[in-house]
2 protein chains.
Amino acid sequence: MSPRPAFDAELAAVLGDAWRTDPAECLVYGYDNSRMQAMPVGVALPQDREQVVAIVRACRKHRLPIVPRGRGTNTTGATVPIAGGIVVSFERMDRIVDIRSGDRCAVVEPGVLNGDLQAALAPHGLFWPPDPTSAAFSSVGGNLACNAGGPHAVKYGASRDNVLALTAVTGAGELIVCGASTTKGATGYDLQRLLVGSEGTLALIVEATLRLVPAPPGRSALRAIYRDATSAAAAVARLMSQPVTPSMLEFMDAHAVRLARDVGGADLPADAGALLMIEADGALHELDATIGALSKAAAGEGLVVIDAARDEAARERLWAARKALSPSLRTLAAGKINEDVVVPVSRIPALVDGVQGIARDAALPIVCFGHAGNGNLHVNILFDPTDAGQCARADAALAKVFELTISLGGTLSGEHGIGLAKRDFMPQAVTPATLALMRAIKGVFDPDGILNPGKLLPPA
Amino acid sequence: MSPRPAFDAELAAVLGDAWRTDPAECLVYGYDNSRMQAMPVGVALPQDREQVVAIVRACRKHRLPIVPRGRGTNTTGATVPIAGGIVVSFERMDRIVDIRSGDRCAVVEPGVLNGDLQAALAPHGLFWPPDPTSAAFSSVGGNLACNAGGPHAVKYGASRDNVLALTAVTGAGELIVCGASTTKGATGYDLQRLLVGSEGTLALIVEATLRLVPAPPGRSALRAIYRDATSAAAAVARLMSQPVTPSMLEFMDAHAVRLARDVGGADLPADAGALLMIEADGALHELDATIGALSKAAAGEGLVVIDAARDEAARERLWAARKALSPSLRTLAAGKINEDVVVPVSRIPALVDGVQGIARDAALPIVCFGHAGNGNLHVNILFDPTDAGQCARADAALAKVFELTISLGGTLSGEHGIGLAKRDFMPQAVTPATLALMRAIKGVFDPDGILNPGKLLPPA
C-alpha cells in the first residue's frame, strides 16, 4: 500500500511518524458521511503550514492527488480519495491562535472543531455563526471548505459570510494570504470568499480569520402547526417578507413531524400536516415584541395551532427533535439520498408541492425538512437499497428534484456542497461558459490538477 | 479621433448612434472623481447584454482596451482610459427589472442609480445596504465594481455582502451567470463575489440580483464629543466590542469638526478634540434601550459631552454636516489626497495617533474622518499643488500612512478600491504569490488583457 519509495521517504522526512501508510489507518481516512469509500496511499497529519507546503510540493513533484480532510462529516463524498493519492488530515492543526473580542474576530487553525471554538468564544460573549448539525465534531476548515451553514444562517449567514481572511497553500505549493482581518476591504480580488466552498480543489486552508458576532442575550421560540405543507410554505414566505428576521426558521413536512415524534420523542401531534419552528433572538426586553411580530406573520390560511416555547428547556426539546431527524430517517428505510436544494423563499410552496408530486410518481417516501428561511430544504428520498427497482426510481426522482429546483430559480446545494455526489448535475445548474471559467480558475490555483481531483467539477 | 475604420464600422453596426467618436463626447467620458483624465477613442452606450457581448468581441478582435463606466464617481481613476481604447458607459442600461419583496431581492441593470433604486424599494419597506456619499448619482454597477460601502456598512455590510447573483461578459466575450437568486448557495465556485470589487478588470456586469434588507422602522442618534482623537478612538473600540451593533458609527477628528462647523454649518463646538456620530436603528420600542447601551459604551476616559439627536431633523442636520466634509476640504487646500485605509477596530487609536505624527513630520494638515465602526478612516492629506516641496511631502506622507496601516494589520482600501491611484502600493499589501495568483485569475477572465488595463494590479 506504500506509495513509490522516493515519495514515501520525502514525506517521512517532512512528517516523521505523522506520515502513515498502514492500510488499517488508510482505511479510516478513506470514507466520509456520504458512506462512499476509497483507499488513499497514505495519510499525512501536518502540524504547521510549512509541513503543508512541503507535502503539496512533494505531491506535485510526484503527481499524486491530495484530498484535504477536516473530520469527514460532509455528505457529498468530498473527502473520499477516489483518485487515490494521499489524505491530508488537519486534525493536529487545531489551535485557536487568537480571540480578539475588540475586533470581533478569531484566528484559528483549520482543524479546530466548530464546537470547541464556540466553547472558547462563549466567555467573550461572541460566537461564530455557522452551526451545522455536525458542529460538535466537524472542523472549522471543513466548514469553510464546504461553505457550511445551519439553522442560524437565515439571520447570520453561512461560512462564506463569516470569514475575513484565509492563509492557504495552492496546488502549486505556494502560500497565499487572502483578505485582511478587517470587516471591510476593497484591496484587489476577493480570493478568501472564492476559497470558501471550493471543497479543497483550489488550495488547502492553513489559517482562518473568522468574523464573530455578539451572542444574543436571549432567545424565544414558536412552534406553528399547519394543515398541510403548502400552508406552512406560504407562511415561510410571509415570515421572510416582513421586517423582523427570525434567528431560525425551520420547516418539517408531515413525514418529518411523525419521525420527530415517534423516533425523536418530541411532543408533537402525529397528524400535523407540517410544522414550522420559529426562533427569535435579541435583547430580553425586545423578545416579546419580536415574537409577537413573528406570530402575526405565521398566522394565516391553514394554521392549526401556534405555541410558544418560551423557556429554554422547551426550546431545547423542540430543537433536539429537529436535530434527531436526519439520523432517524434511517429507521424508515436503509437507503437515503439526502439533498439540500435551495430556492428563492417565495418558491418554497412550489418546491414542496412539486416534491410531493415526484414522491407520488416514484412511489417512494420523500421526507422534507430544513432551513426554510433561506429556502434551503433537505429533501430525503428513502428507498430499499437491495431493491433494484427502488434504486432506479430514487435516482430518477433525484434528477427530477434538481430539475424542479432549477426551474424555480434555485440551485443544487445550499450548504452541503457538490463533492462527488452532485458534480454530474453541475451542467444543469451552471452554464457551459461559467463552468469553463470555473475549470480555468481551478487550473490557475492547481496547475497539475492534484487537489481533490474529481470533486465539485464534472469530468471535462 | 476615430479608431481604425473597420472597428468603427463594426461598432456603428452594433450600436448605431450609440457609438460616439466625437472628441467633445470622448472628453467627458475620459475623467472621473479622481480628477485624472485621458482620452478614449470612442464611447459605447449599449442598451442590452447582446450589445455588450458584441462590443467586447469587437474590441478583442481589434485588441482595443475597454473601460467600463458607471457614473465616474470613483476617486481612484478606475474609469480613466489611460491605455486609450473605448469607454463603455452603462447609463442606458438602467432598468429595475424586478423587485421581489417576498424573496428580499431585486434584479437590476448596472446603470440604475443607487438613489433611484432606493426610491423604488422604499414602498416595499426594503433597501439595498450600500450607501456611498455619491448614492444619488452613482450607479449600482459602479458600486459593485468598486465594492462600495458607506456609513451603514458597519451593520449591513458593503456591496459584496449584498449581492446574490451577477450576469457578466468576460474579456473573452463570453456571457457568464454567477450565483443564484437564493440567500444561501454552495454550488461550485463563488464567482459573483470575486467580480464585486474587481473594478471592471475581469468582466462587465450586465445584470445584478441584489440582496435587500427590511427598512428599520426607526432610527435614533447620539453625538459624543471627546477631549482628543485617542479618547474617541478608544470609545469606538468599546462600542464595537459590546453586543449592540450601531447602524452607523462615524468618527471626525478636530480638523473635521471645525470644517463641519465653519464650512458645513453644523452646530458643533469649535474646540472639540474629536467627535463620534452614533446611530441605532430598529423597532421603535427598542430604540431607547439600544441607545442606552450605546451611550454607556461611548462613555469613558476623555468624553466631554454626549447628546441625543432624537428627532429626525436633528439627526439629518448632524448627518448633513458629515456629508459636507469631503467637498469642504477643498476650502482648506487646493490639493487633497483622499485615502480610505482600514484597520481592525482595536487599532484605530494607534492609526489616529500615528497619522497625527505623520502630519507633524510632514508639516501638512491631515484630516481624518470616516466609518470608524469598520475601522475604515478617510485620511485626507492637504497640500498646495503649486508648491513642489508640499507635493513631495504629501506623497511621502501617503506612503507612510499605508505603511502604518499595514503594520497595524489593516489594508489599503475599505471601500474606494485601488484603481490607478493605489495600484503601485499593492505589493505592500499583498504577498508576491498572492499577487501572482490575482494576475493569473485576471488572465483567465480576460485572456488578452483588454478589460480596464492598468487598474487594480500594478504593472508586472
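Calculation notes
- Residues numbered from 1 in each chain as written.
- Chains lettered and ligands numbered in written order.
- Predicted model: local features only at pLDDT ≥ 70, side-chain atom pairs only at ≥ 80, totals over all residues.
- Heavy atoms only, no water.
- Pairing = 2+ DSSP bridges.
- Helix = DSSP H or I, 4+ residues; strand = E, 2+ residues; numbered from the N terminus.
- Axes fitted to C-alpha atoms, helices over the stretch in contact; angles between N-to-C directions.
- Contact = heavy atoms within 4.5 Å.
- Salt bridge = Lys/Arg side-chain N within 4 Å of Asp/Glu carboxyl O.
- Polar contact = N/O pair within 3.5 Å; in protein donor to acceptor, adjacent residues only side chain to side chain.
- Nonpolar A, V, L, I, M, F, W, Y, C, P; charged D, E, K, R; others polar.
- Buried < 20%, exposed > 50% of the residue type's maximum accessible area, 1.4 Å probe, protein only.
- Least-squares fit on C-alpha atoms with pLDDT ≥ 70 in both.
- Patch = residues over 30% accessible without salt bridge, like charges linked within 9 Å, V, L, I, M, F, W, Y side chains within 5 Å.
- Areas by Shrake-Rupley, 256 points an atom, 1.4 Å probe, with all protein chains shown as cover.
- Disulfide = S-S within 2.5 Å.
- Parallel < 35°, antiparallel > 145°, perpendicular 65-115°, else oblique.
- Left-handed = near helix turned anticlockwise from the far one by under 90°.
- Phe/Tyr/Trp six-rings, centres within 6.5 Å; stacked < 30°, edge-to-face > 60°.
- Domains from an automatic or database assignment.
- Buried area = accessible area lost by both parts, 1.4 Å probe.

Novice: How should I be thinking about the sheet that holds strand β18 (residues 376–383) of chain B in this particular structure?
Specialist: By definition, the strands of a sheet pair up through backbone hydrogen bonds, in either a parallel or an antiparallel sense. All names here are of chain B. The seven strands are arranged β15-β12-β14-β13-β17-β18-β16 in an open sheet whose pairing can be described as antiparallel. With one partner strand each, in any of the chains shown, β15 (303–309) and β16 (335–339) form the two edges of the open sheet. Mean inter-strand twist for the sheet, computed between neighbouring axes without regard to direction, equals 15°. Sitting on the sheet, helix α10 (residues 284–298) touches β12 (218–226), β14 (274–282) and β15, and the angle it makes with β14 is about 155°.

Novice: What is the right way to look at the interface of chain A and chain B in this model?
Specialist: Put simply, an interface is often sized by how much accessible area is lost when its parts join up. The interface is formed by 79 residues belonging to chain A together with 79 residues belonging to chain B. The tally of links between chain A and chain B comes to four salt bridges. In this structure, the connection of chain A to chain B is made through 32 residue pairs in polar contact (both at pLDDT 80 or more). When contributions to the side of chain A that touches chain B are tallied by element, the ones reaching two or more residues are β9 (175–179), α7 (191–195), α8 (229–240), α10 (284–298), α15 (426–429) and α16 (432–445) of chain A. Looking at the side of chain A that touches chain B, its residues break down into 34 nonpolar, 33 polar and twelve charged.

Novice: Sorry, what's going on with the side chain of H371 of chain B here?
Specialist: Take H371 of chain B: it is sitting in strand β17 (residues 366–371). Given a relative accessible area of 3%, H371 of chain B falls into the buried group. A polar contact of 2.7 Å, which involves the side chain of H371 of chain B, links it to the side chain of E250 of chain B. Sequence-distant contacts of H371 of chain B, that is, excluding residues within four places in its chain, are made with K184 of chain A together with G150, P151, L249, E250, R322, N376, H378 and E415 of chain B.

Novice: Looking at this structure, how should I read the side chain of K336 of chain A?
Specialist: Its location among the elements puts K336 of chain A in strand β16 (residues 335–339). Those residues in contact with K336 of chain A that lie beyond four places of it in its chain are S326, L329, R330, N380, I381, L382 and F383 of chain A.

Novice: Sorry if this is basic, but what is going on with the relation of the copies chain A and chain B here?
Specialist: Each of the two copies of the chain can be brought onto the other by a rotation about an axis and a shift along it. Rotating chain A by 180° and moving it 0.0 Å along the rotation axis overlays it on chain B with an RMSD of 0.0 Å. The superposition operator between the copies reduces to a two-fold rotation axis. By residue overlap, the copies meet face to face through one surface: 99% of the interface positions of chain A are interface positions in chain B.

Novice: I keep staring at the sheet that holds strand β6 (residues 105–108) of chain A and nothing clicks. Help me out?
Specialist: As summarised here, the arrangement of the five strands in space is β5-β6-β10-β8-β9 (chain A), forming an open sheet in which the pairing is antiparallel. In the strand order of this sheet, the two ends are held by β5 (96–100) and β9 of chain A, each with one partner. Here the average twist between neighbouring strands, direction ignored, is 15°. Relative to β6 of chain A, β5 of chain A runs antiparallel, the two being bridged by four bridges. Paired with D98 of chain A across the two strands is V107 of chain A, which belongs to β6 of chain A. Packing of helix α16 (residues 432–445) of chain B onto the sheet brings it into contact with β8 (163–170) and β9 of chain A, and relative to β9 of chain A it is tilted by some 75°.

Novice: Teacher, can you tell me more about a nonpolar patch on the surface here?
Specialist: There is a patch of nonpolar side chains on the surface, built from L27, V28 and Y31 of chain A and spanning about 260 Å² of accessible area. Inspection of the secondary structure assignment puts Y31 of chain A in the loop between α2 (23–28) and β2 (42–44).

Novice: Sorry, what's going on with the state of the cysteines here?
Specialist: Such a bond, covalent and formed between the sulfur atoms of two cysteines, is termed a disulfide. Residues and elements named next belong to chain A. This structure, assessed with the given rule, holds zero disulfides over all chains. No disulfide involves C105; its nearest neighbouring cysteine sulfur is the one of C178, lying 16 Å away. Overall, C105 belongs to the buried group, its relative accessible area being 0%.

Novice: Whenever I open this one, the packing of helix α13 (residues 348–362) of chain A against helix α14 (residues 388–407) of chain A confuses me. Can you help?
Specialist: For any two helices packed against each other, the geometry comes down to the angle between their axes and how far apart the axes lie. Residues and elements named next belong to chain A. Relative to each other, α13 and α14 sit at 160°, their axes nearing to 10 Å. Here α13 is positioned roughly antiparallel relative to α14, judged by the angle of their axes. The two elements α13 and α14 cross, and the hand of that crossing is right-handed. Mapping the contact onto sequence places L351, G354, V355, I358 and A362 in α13 and R393, A397, K400, V401, L404 and T405 in α14. For the contact of α13 with α14, a count of residues per class yields seven nonpolar, two polar and two charged.

Novice: I would appreciate a short explanation of the pairing of strand β8 (residues 163–170) of chain B in the present structure.
Specialist: Successive side chains on a regular strand alternate, one facing one side of the sheet and the next facing the other. Residues and elements named next belong to chain B. In terms of burial, β8 is a largely internal element, eight of the eight residues being buried. Bridging between β8 and strand β10 (residues 203–211) involves seven bridges; their strand directions are antiparallel. Residue pairing across strands places A168 opposite I205, the latter belonging to β10. Here β8 runs beside strand β9 (residues 175–179); their pairing, made up of five bridges, is antiparallel. Bridging from a neighbouring strand, A165 pairs with G179 of β9. Between the end of β8 and the start of β9, which pair antiparallel, lie four residues, with G173 showing a positive phi angle near 75°.

Novice: I tried to follow the packing of aromatic side chains on my own but got confused; where do I start?
Specialist: The description of two aromatic rings rests on the distance between their centres and on the angle between their planes. Residues and elements named next belong to chain B. As enumerated under the stated definition, the model contains six aromatic pairs over all chains in all. Where F127 meets Y156, the ring centres are 5.1 Å apart and the plane angle is 85°; that geometry is what we call edge-to-face. With F127 in strand β7 (residues 126–127) and Y156 in helix α6 (residues 153–156), this residue pair connects regions lying 29 residues apart in the sequence. On the accessibility criterion, F127 (15% relative accessible area) is buried.

Novice: Quick question: what am I supposed to make of the domain arrangement of chain A here?
Specialist: All names here are of chain A. If you check the domain split of chain A, you get domain 1 (5–89), domain 2 (96–214), domain 3 (216–329) and domain 4 (332–447). The interface is formed by 14 residues belonging to domain 1 together with 21 residues belonging to domain 2. Roughly 1,300 Å² of surface becomes buried between domain 1 and domain 2 when both sides are summed, with 65% attributable to carbon and sulfur atoms. Linking domain 1 with domain 2 are one salt bridge, by the criterion used here. In this structure, the salt-bridge partner of E207 is R49, at a minimum N-O distance of 2.8 Å.

Novice: What is the right way to read the packing of α8 of chain A against α10 of chain A from this model?
Specialist: Residue and element names in this part refer to chain A. Viewed as axis vectors pointing N to C, α8 and α10 meet at an angle of 140°, and their least axial separation amounts to 8 Å. By the angle between their axes, α8 is oblique relative to α10. Pair α8 / α10 crosses with right-handed handedness. Contacts between α8 and α10 pair A235, R238 and L239 from the former with L294, A297 and A298 from the latter. The class makeup of the residues in the contact of α8 with α10 is five nonpolar, no polar and one charged.

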